Amino acid sequence: MSVATATPPVRTQDQTKTPRTRRPQVRTFRIVQGNPPFEGRVRISVGAATTLYEFGQVPLDPAFGPGLSFVCRKLFPDGKPAGEGYHLTYRADDPEAPGVDCDCLGHRHYHHCRHADVLAALLKRSAS
Ligand SMILES: [Zn+2]
């Protein structure tokens, strides 16, 4: 059996372009209330912008296999929910790719998002 190999193009830094000046934004979170992600509120800050989120654990459909399922809902400053929120799943059954999935648009496109990152950090914190 032969395997076709293609050498990926080597990316070199273009010396004529100006260097990228945009620094990555710092993302932090703070637990505001309760015991998130199981039940509670978290304030997520990205740069200067802060957003309040409500986390809650929900039953996981057995079709997804072993794991945990959560809902993350953005809240207005007055505490009222801003939409339906996002469903997140934590799966530990695949040692090759344990991790968190989120059904938000950002996670679908980039395979990471603030919701998944914060959930992973909260679960790691609750396990220790
Ligand atoms: Zn997300």
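Provided above is the structure to which this section pertains.
Here we summarise the structure given alongside this text. Owing to the predicted nature of the structure, the values given are computational and were not obtained by experimental measurement.

## So, the overall build of the chain
In step 1: Along its length, the chain carries two helices and six strands.
In step 2: Walking the chain from its N terminus toward its C terminus, one meets helices and strands in the order β-β-β-β-β-β-α-α.
In step 3: The proportion of buried residues among the 128 residues of the chain is 17%.
In step 4: For the chain, long-range pairs separated by at least 24 residues make up 23% of all intrachain contacts whose partners lie at least 6 apart in sequence.

## A few points about the nonpolar core
In step 1: Judged by nonpolar contacts, the single largest core of 15 residues is most densely connected at Cys72, Leu88, Val100, Cys102, Ala116 and Leu119.
In step 2: Of all the elements in the fold, those that place two or more residues in this core are strand S3 (49-58), strand S4 (68-75), strand S5 (86-91), strand S6 (99-102) and helix H2 (114-127).
In step 3: Here the element with the most residues in this core is H2; it accounts for four residues.

## What about the sheet that holds S5?
In step 1: Taken together, six strands build an open sheet; the order of strands is S1-S2-S3-S4-S5-S6 and the sheet is antiparallel. Each edge of the open sheet carries a strand with a single partner, namely strand S1 (27-35) and S6. Adjacent strand axes in the sheet meet at a mean angle of 25 degrees, parallel and antiparallel pairs treated alike.
In step 2: Pairing geometry for S5 and S6, over four bridges, is antiparallel.

## Observations regarding the pairing of S4
In step 1: Two strands pair when backbone bridges link them, and S3 and S4 are joined in this way by seven bridges, in the antiparallel orientation. Across the sheet, the residue bridging to leucine 52 is leucine 75, located in S4.
In step 2: By the bridge criterion, five bridges tie S4 to S5 in an arrangement that is antiparallel. When the bridges of S5 are listed, valine 71 appears paired with histidine 87.

## With respect to the pairing of S3
In step 1: Both strand S2 (residues 39-46) and S3 contribute to a ladder of eight bridges, which runs antiparallel. Note on S3: the bridge partner recorded for arginine 41 is glutamate 54.
In step 2: Joining the antiparallel neighbours S2 and S3 is a turn of two residues, in which glycine 47 adopts a positive phi near 65 degrees.

Calculation notes
- Residues numbered from 1 in each chain as written.
- Predicted model: local features only at pLDDT ≥ 70, side-chain atom pairs only at ≥ 80, totals over all residues.
- Helix = DSSP H or I, 4+ residues; strand = E, 2+ residues; numbered from the N terminus.
- Buried ≥ 20, exposed ≤ 12 C-beta atoms within 10 Å, placed from the backbone.
- Contact = placed C-beta atoms within 7 Å.
- Core = buried A, V, L, I, M, F, W, Y, C linked by C-beta atoms within 7 Å.
- Pairing = 2+ DSSP bridges.
- Axes fitted to C-alpha atoms, helices over the stretch in contact; angles between N-to-C directions.

Interpretation note: all reported values are geometric properties and have no functional meaning in isolation.
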